[in-house]
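Coordinate analysis (summary)
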2 protein chains.
Amino acid sequence: MSAEGQTSGQESRAIQTFSFEIHARQGRARAGIFYTPHGEILTPVFAPVGTQATVKAVTPAQLGDLGATLILANTYHLYLRPGEELVAEMGGLHQFMQWSGPILTDSGGYQVFSLADSRRVDEEGVTFKSHIDGSEHRFTPEKAIAIEESLGADIIMAFDECAPPNDRAYNERALARTHAWAERCLKVKSRPDQALFGIVQGGIFPDLRAESARFISSLGFPGHAIGGLSVGETKEEMKSILDLVDGVLPEGKPRYLMGVGTPEDLIHGILRGVDIFDCVLPTRLARHNAAMTLTGRLNLMNATFGRDPKPIDENCRCYTCQKFSRAYLRHLIVAREMLAATLLSIHNLHTLVKLAGDIRNAILSGDFEEFAADFLNRKVWEESSETSFEPPGGE
Amino acid sequence: MSAEGQTSGQESRAIQTFSFEIHARQGRARAGIFYTPHGEILTPVFAPVGTQATVKAVTPAQLGDLGATLILANTYHLYLRPGEELVAEMGGLHQFMQWSGPILTDSGGYQVFSLADSRRVDEEGVTFKSHIDGSEHRFTPEKAIAIEESLGADIIMAFDECAPPNDRAYNERALARTHAWAERCLKVKSRPDQALFGIVQGGIFPDLRAESARFISSLGFPGHAIGGLSVGETKEEMKSILDLVDGVLPEGKPRYLMGVGTPEDLIHGILRGVDIFDCVLPTRLARHNAAMTLTGRLNLMNATFGRDPKPIDENCRCYTCQKFSRAYLRHLIVAREMLAATLLSIHNLHTLVKLAGDIRNAILSGDFEEFAADFLNRKVWEESSETSFEPPGGE
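What counts and what doesn't
- Note that residues are indexed from 1 along each chain, following the sequence as it is written.
- A letter from A marks each chain and a number from 1 marks each ligand, given out in the order of writing.
- Owing to the predicted nature of the model, reporting of local features is limited to residues with pLDDT of at least 70; listing and counting of side-chain atom pairs is limited to 80 or more, with chain, interface and lining totals taken over all residues.
- The basis for the side-chain values is all heavy atoms of the structure; hydrogens and waters are excluded.
- Put simply, DSSP H or I for four residues or longer makes a helix, DSSP E for two residues or longer makes a strand, and each gets a number counted from the N terminus.
- Radius of gyration means the value over C-alpha atoms here, while the globule rule gives 2.2 Å times the residue count to the 0.38 power.
- Computed with the Shrake-Rupley method and a 1.4 Å probe, the accessible areas treat only the protein chains shown as cover for residues.
- Charge assignment: positive for Lys and Arg, negative for Asp and Glu; neither His nor the chain ends contribute.
- Taken as the charge location is NZ of Lys, CZ of Arg, CG of Asp or CD of Glu.
- Contacts: residue pairs with any heavy atoms within 4.5 Å of one another.
- The term buried area means the drop in 1.4 Å probe accessible area that two parts suffer when joined, counted for both and summed.
- Definition used for salt bridges: Asp or Glu carboxyl oxygen within 4 Å of a side-chain nitrogen of Lys or Arg.
- Distance and chemistry together define a polar contact, namely a pair of N or O atoms within 3.5 Å, with one atom able to donate a hydrogen and the other to accept it when in protein, and with adjacent residues in sequence counting only for side-chain atoms on both sides.
- Partly exposed residues are those whose accessible area sits between 20% and 50% of the maximum for their type, while under 20% is buried and over 50% is exposed, using a 1.4 Å probe and protein chains only.
- Working note: the arc is built from the helix axis to C-beta atom directions.
- Any helix carries an expected span of 1.5 Å times its number of residues minus one.
- Superposing copies: least-squares fit, C-alpha atoms only, residues required to have pLDDT of at least 70 in both.
- Within 6.5 Å between ring centres, the rings of Phe, Tyr and Trp (the latter by its six-membered ring) count as paired, and their orientation is classed by plane angle as stacked under 30 degrees, edge-to-face over 60, tilted in between.
- pLDDT gives the predictor's per-residue confidence on a scale running from 0 to 100.

Focus on the overall build of chain A
For chain A, the helix and strand inventory stands at 16 helices and 16 strands. For chain A, the C-alpha radius of gyration of 20 Å lies close to 21 Å, the compact-globule estimate for 395 residues. Projected onto its principal axes, the C-alpha coordinates of chain A cover approximately 70 × 50 × 45 Å. Total accessible area on chain A is roughly 14,300 Å²; 49% of this is exposed by carbon and sulfur atoms. A gap of 4 Å separates the mean positions of the 39 positive and 51 negative side-chain charges of chain A.

This is the structure in structure tokens:
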């Protein structure tokens with residue numbers, strides 16, 4: 001068999017490996033299954049973020065117990081530390097961090113561009129300084145894909161430029177680069193056991209977003225991401241961009257809304273055809289003593305919880321809520337015990353993972369539109385506008 | 001039934017509840033079972049320390065998985081924060097921290113006396129300042145027992161004075177108080193579902209230790225502790241005190257060597273009739289990046305482990321060793337990820353809990369003396385002399 005024949009054989013296996021089936025729709029919302037070499041992802045899905053090859057304060061066993069299927073890791077962080085070659089030498093990211101389910105890596109684009117003063121972009125790539133030691137590094141589309149191939153996640157992301165959402169001139173320049181880079185990523189991508197997703201950019205500008213969705217869709221990626229949202233734009237802007245992009249992206253491929261978000265953001269996204277979400281919010285809030293529930297946020301440092309024997313959420317089936325009182329959690333926080341972060345992370349992650357699962361069931365049973373209307377009427381999480389990506393230095 | 005009749009009925013139930021059976025002996029080493037209201041303790045046993053009602057960085061589920069049966073909590077810390085009344089209101093320590101197995105609380109004596117400049121002792125008790133906020137508090141034998149009864153552990157300790165081991169005059173005065181306080185503790189102790197252990201003191205002075213062991217034994221406690229060791233004396237002094245005390249304490253009751261220790265200390269103690277050990281060493285070393293194995297200590301921060309695919313200990317069956325490489329653990333440490341402390345704590349605790357269990361099996365099969373000789377010949381942990389109690393401010 002010729003080298004060419006081998007390649008196309010690998011490609012057809014890859015396409016099969018990563019098939020996406022939509023089992024039910026309600027409005028534009030979809031309930032599906034995305035097949036990966038490390039297992040099925042039932043969509044819609046919320047992916048916990050394991051920036052440095054660990055979802056902070058939680059073991060892989062606890063992650064599995066709380067219902068996670070897909071998790072995310074950050075290419076920028078792992079490239080700098082411990083280095084993608086070390087991860088590859090240790091058998092790849094699944095083996096290294098002992099997560100046997102599907103993993104997604106971003107491309108490092110967002111982190112590099114958020115380094116503001118310590119990076120220089122040109123048409124070929126970006127030169128930047130490490131947030132750890134100030135050393136100089138350079139990412140190109142080719143380099144990002146090479147790193148992601150060394151890491152070995154199931155879903156890998158194209159290298160893109162995430163511009164400030166309101167700067168038209170910047171977004172025009174960045175979009176041209178993002179599109180050129182998407183083609184370069186596709187060209188060098190070689191592993192058949194990884195699915196490369198393209199990323200739609202364009203800030204808050206409808207014409208740029210439409211152009212980007214059309215162009216990225218035309219390249220034949222097995223899945224598409226919507227980047228550059230939840231980075232400072234308003235909720236209304238986010239929703240209208242999602243409406244627009246939803247109308248352009250091909251229906252039969254999974255859509256991933258990067259770095260989003262709150263429970264309400266999940267619902268807004270799913271109402272607009274999104275299948276995959278990730279966000280550091282659950283684990284970051286946990287480390288800041290806040291519990292997420294579908295009826296709001298509890299700051300467990302608050303003295304009112306000091307003698308409260310109830311769990312965080314009486315309806316929640318997570319380990320934390322099955323076992324521990326608010327009074328105990330508050331004690332751990334006040335006493336600065338690490339277990340507080342672990343127990344709150346378990347609860348918060350479970351809340352979002354289960355919300356995505358409940359929405360999936362509602363789509364399958366035809367109840368999602370009612371579910372979404374009820375939820376959004378409560379406006380519990382609407383005021384929340386924290387940036388939900390992990391910054392390079394990342395707490 | 002008269003009040004008196006009721007009391008003696010409760011007492012006889014208490015004695016039954018806390019029966020101690022010795023199933024095998026080899027030399028002076030014993031393999032037994034101590035029955036408590038929250039389950040059997042197979043002895044010899046190593047008890048992880050959960051100072052503030054949490055074994056640092058580990059969930060109760062993980063503690064159970066690693067084989068822990070008995071755990072310890074500190075009265076001084078829980079009295080100050082969150083307060084014993086709150087723990088009682090939440091259903092007691094087992095319910096509060098969700099440990100369904102046996103718990104032991106110390107009396108706060110050691111912590112209070114280690115406050116050096118901020119405490120004043122008199123014949124009635126000790127006045128001291130909180131390490132948290134400097135507020136003034138007072139412990140008496142009666143107060144310590146009242147706190148321990150509110151906390152509700154299965155095994156509670158008498159309030160004692162732990163003197164510097166080499167100061168003869170101080171030890172004489174302290175011993176008189178410790179003995180008077182032991183009687184006062186017994187007098188006020190009222191819960192039949194708790195076993196109160198007496199504590200033998202006397203520093204490094206054989207005559208004081210013998211006197212203390214005789215006096216404490218005469219009071220009819222259901223178990224005895226040896227306090228004031230592993231606090232600065234030499235290993236030879238510790239061993240000769242253990243030899244001496246072993247000859248005086250009644251055989252049929254469990255003996256607890258407080259705050260000890262390393263793997264070799266466990267063997268030295270068990271060779272001298274000790275049944276119960278506790279120590280912060282495994283969790284403290286874990287938070288300082290060190291793994292305990294029976295062949296020595298590994299500092300996982302060391303660059304030599306950076307590309308090491310092996311587990312900490314290839315013979316270990318703990319979650320950490322079954323799953324993770326030294327390279328991954330080093331990465332977590334270098335990246336300052338909390339998971340490092342969790343995974344190292346699981347491993348270190350498992351190492352000591354399993355060592356005690358292996359020794360028990362060796363006693364049952366008649367192989368302990370050979371096991372002990374082999375182990376001690378290696379002198380792996382002999383040089384180690386860290387103070388093994390949790391100081392009030394505790395890292």
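Quick word on the interface of chain A and chain B
Between chain A and chain B, the residue contacts involve 40 residues of the former and 40 residues of the latter. Summing both partners gives a buried area of about 3,400 Å² for chain A against chain B, and 61% of it is carried by carbon and sulfur. Looking at the side of chain A facing chain B, the largest losses of area belong to R307, H331 and M338 of chain A, adding up to 18% of the total buried there. On inspection of chain A and its partner chain B, the count reaches four salt bridges. The salt bridge partner of R307 of chain A is E89 of chain B, with a shortest N-O separation of 2.8 Å. Inspection of the region where chain A meets chain B yields 16 residue pairs in polar contact (both at pLDDT 80 or more). Of all the elements in the fold, those that place two or more residues in the side of chain A that touches chain B are α2 (60-65), α4 (84-89), α5 (93-97), α13 (319-323), α14 (326-334) and α15 (339-365) of chain A.

Quick word on helix α16 (residues 368-378) of chain B
Residue and element names in this part refer to chain B. Taken together, the buried positions of α16 are occupied by F368, A372, F375 and L376. Across the axial projection of α16, the buried residues extend over an arc of 95°, all falling on one side. Projecting away from the buried face of α16 at angles above 90 degrees are the exposed residues E370 and N377. Tucked inside the fold, the buried residues of α16 contact β1 (20-26), β2 (29-36), α11 (263-271) and α15 (339-365). Directly after α16, the chain includes K379, whose backbone phi takes a positive value near 50°.

With respect to helix α9 (residues 206-218) of chain B
All names here are of chain B. Taking 1.5 Å per residue as the helical rise, α9 with its 13 residues ought to reach 18 Å, and the 18 Å between its terminal C-alpha atoms agrees with that figure. Among the residues making up α9, those that are buried are L208, R209, A210, S212, A213, I216 and S217. Looking at the packing, one finds that the buried side of α9 touches α8 (168-188), β11 (195-200), β12 (224-226) and α10 (235-248). Positive phi appears at G220, one or two residues downstream of α9, with a value of about 80°.

Concerning unusual backbone geometry
Here the residue pair R81 of chain A and P82 of chain A is connected by a cis peptide bond, since its omega of 10° sits within 30 degrees of zero. For P82 of chain A, the location among the structural elements is in the loop between α3 (75-80) and α4. A cis geometry characterises the amide bond from T43 of chain B onward to P44 of chain B, with omega recorded as 0°. Along the chain, P44 of chain B falls in the loop between β3 (39-43) and β4 (45-48).

Comments concerning the relation of the copies chain A and chain B
Rotating chain A by 180° and moving it 0.0 Å along the rotation axis overlays it on chain B with an RMSD of 0.0 Å. Here the copies are linked by what is in effect a two-fold axis. Scanning chain A for the C-alpha nearest the rotation axis identifies M338 of chain A, at a separation of 3.8 Å. Looking at chain A, 100% of its interface residues are interface residues in chain B too, so the copies touch through the same face.

Regarding the packing of aromatic side chains
Residues and elements named next belong to chain B. Considering all chains together, one arrives at 28 aromatic pairs over all chains under this definition. A centroid spacing of 6.4 Å and a plane angle of 10° characterise the contact between F371 and F375, whose relative ring orientation is stacked. Taken together, the positions of F371 and F375, both in helix α16 and four residues apart, correspond to about one turn of that helix. Under the relative-accessibility criterion, F371 is labelled partly exposed at 25%.

Things to note about the confidence of the model for chain A
All names here are of chain A. With 92% of its residues at a pLDDT of 70 or more, chain A has an overall mean of 92. Here residues 1-15 scores under 50 on pLDDT; set against residues more than four positions off or in separate chains, the count is four contacts. With pLDDT under 50 throughout, residues 385-390 is counted as low confidence; its partners more than four residues away or in other chains account for 27 contacts. As scored by the predictor, the complex reaches a pTM of 0.94 and an ipTM of 0.93.

Some remarks on the side chain of E148 of chain B
Residues and elements named next belong to chain B. Here E148 lies in helix α7 (residues 141-151). Nearest to the buried, unbridged E148 among oppositely charged side chains is K189, at 11 Å. Looking at E148, its side chain comes within polar contact range of the side chain of T105, at 2.8 Å. Beyond its immediate sequence surroundings of up to four residues, E148 is in contact with T75, T105, D106, S107, A153, I156, M157 and Q194.

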